[in-house]
Amino acid sequence: RKIQPHTLVLDDEDDIIIKLHNLYFWNEIKDQLMPNELTSFEARWVALHKQFQDVLATDQMQIKDLIILEILINRVLSEKQKVITTISRLERQLKLEEDRPIDEQDTGLMLNIETQLNAAMASQNARTTEHMKLQEKKDAKFKDLKATRDQRFKQLEDSRTSFFDLMKTLD
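Note that the coordinates shown come from a computational prediction; the quantities given were computed from them, not determined experimentally.

What exactly am I supposed to notice about helix α3 (residues 35–52) here?
Count 3.6 residues to each turn of an α-helix, and residues three or four apart come out pointing the same way. Between its first and last C-alpha, α3 extends 26 Å over 18 residues, near the 26 Å set by a 1.5 Å rise per residue. The complete set of buried residues in α3 reads Glu-37, Leu-38, Phe-41, Glu-42, Trp-45, Val-46, Leu-48, His-49 and Phe-52. Just downstream of α3 lies Gln-53, where phi reads positive at about 60 degrees.

Would you take a moment to explain the nonpolar core for this structure?
General note: in soluble globular proteins, nonpolar side chains tend to be found buried as a group. With 21 residues, the main nonpolar core has Leu-20, Ile-29, Leu-33, Phe-41, Trp-45, Ile-63 and Ile-67 as its most contacted residues. Elements represented by at least two residues in this core include exactly α1 (12–21), α2 (26–32), α3 and α4 (57–99). Of all the elements, α3 adds the most residues to this core, at six residues.

Please explain the packing of α3 against α4 as it appears in this structure.
A pair of packed helices can be characterised by two numbers: the angle between their axes and the separation between those axes. α4 packs onto α3 with a crossing angle of 135 degrees between their chain directions and a minimal axis gap of 10 Å. Between α3 and α4, the angle is such that the two are oblique. In the crossing of α3 with α4, the sense of the turn from one axis to the other is right-handed. Only Gln-60, Ile-63, Lys-64, Leu-66, Ile-67, Ile-68, Glu-70, Ile-71, Asn-74 and Arg-75 of α4 make contact with α3, whose side of the interface consists of Glu-37, Phe-41, Arg-44, Trp-45, Leu-48 and Phe-52.

What should I look at first to understand the pattern of salt bridges in this one?
Oppositely charged side chains can form a pair if their charged atoms are brought close together. Tallied over the entire structure, the rule returns 10 salt bridges. A salt bridge links Glu-70 to Arg-44, with the nearest nitrogen and oxygen atoms 2.6 Å apart. Separated by 26 residues along the polypeptide, Glu-70 in helix α4 and Arg-44 in helix α3 bring together distant segments of the chain. Judged by its relative accessible area of 14%, Glu-70 falls in the buried class. Residue Arg-44 is classed as partly exposed on the basis of its relative accessible area of 22%. With a closest N to O distance of 3.0 Å, Asp-99 and Lys-95 form a salt bridge. Taken as a pair, Asp-99 and Lys-95 lie in helix α4 at a separation of four residues, close to a single helical turn. One salt-bridge network, in which partners are shared between bridges, spans Arg-44, Glu-70 and Lys-138.

Reading guide: rules and limits
- Residues numbered from 1 in each chain as written.
- Predicted model: local features only at pLDDT ≥ 70, side-chain atom pairs only at ≥ 80, totals over all residues.
- Heavy atoms only, no water.
- Helix = DSSP H or I, 4+ residues; strand = E, 2+ residues; numbered from the N terminus.
- Expected span 1.5 Å × (residues − 1).
- Buried < 20%, exposed > 50% of the residue type's maximum accessible area, 1.4 Å probe, protein only.
- Core = buried A, V, L, I, M, F, W, Y, C linked by side-chain atoms within 4.5 Å.
- Axes fitted to C-alpha atoms, helices over the stretch in contact; angles between N-to-C directions.
- Parallel < 35°, antiparallel > 145°, perpendicular 65-115°, else oblique.
- Left-handed = near helix turned anticlockwise from the far one by under 90°.
- Contact = heavy atoms within 4.5 Å.
- Salt bridge = Lys/Arg side-chain N within 4 Å of Asp/Glu carboxyl O.

Structure (structure tokens):
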């Protein structure tokens, strides 16, 4: 999403994105992500910023890491889908060759397809394992972000209570 330079009034989303683009880690993110992933990053950043409202520097780092983990998970799932499509295609090719009369079967081709099929299945398993690890990291990051914010809110509530208690005492 491009912000128009001639726009006089910025909405909240534009303001959040401009601030994001001015953060010290934005250039690193631009180098690390594909254009469609950058757009996704910005959209998630805006949504989380709106949800949390008062975002501190530590929150920014946790939110950045959380979004990157989500993007990596999406990459892995896309790659896994491609592998599943490849497995399906190889299985069809192997079945076609196996259905031919034995004297017409190309055993070299069949061995080649089986080798490719085994490699694709290993790749699928690796993607599943990678997805699970990334998901665990993402879940932990969510918990960290929630814990940090809960601590801050508790401190704020405690300070309010203390202030009101002090006012009552003074009365």
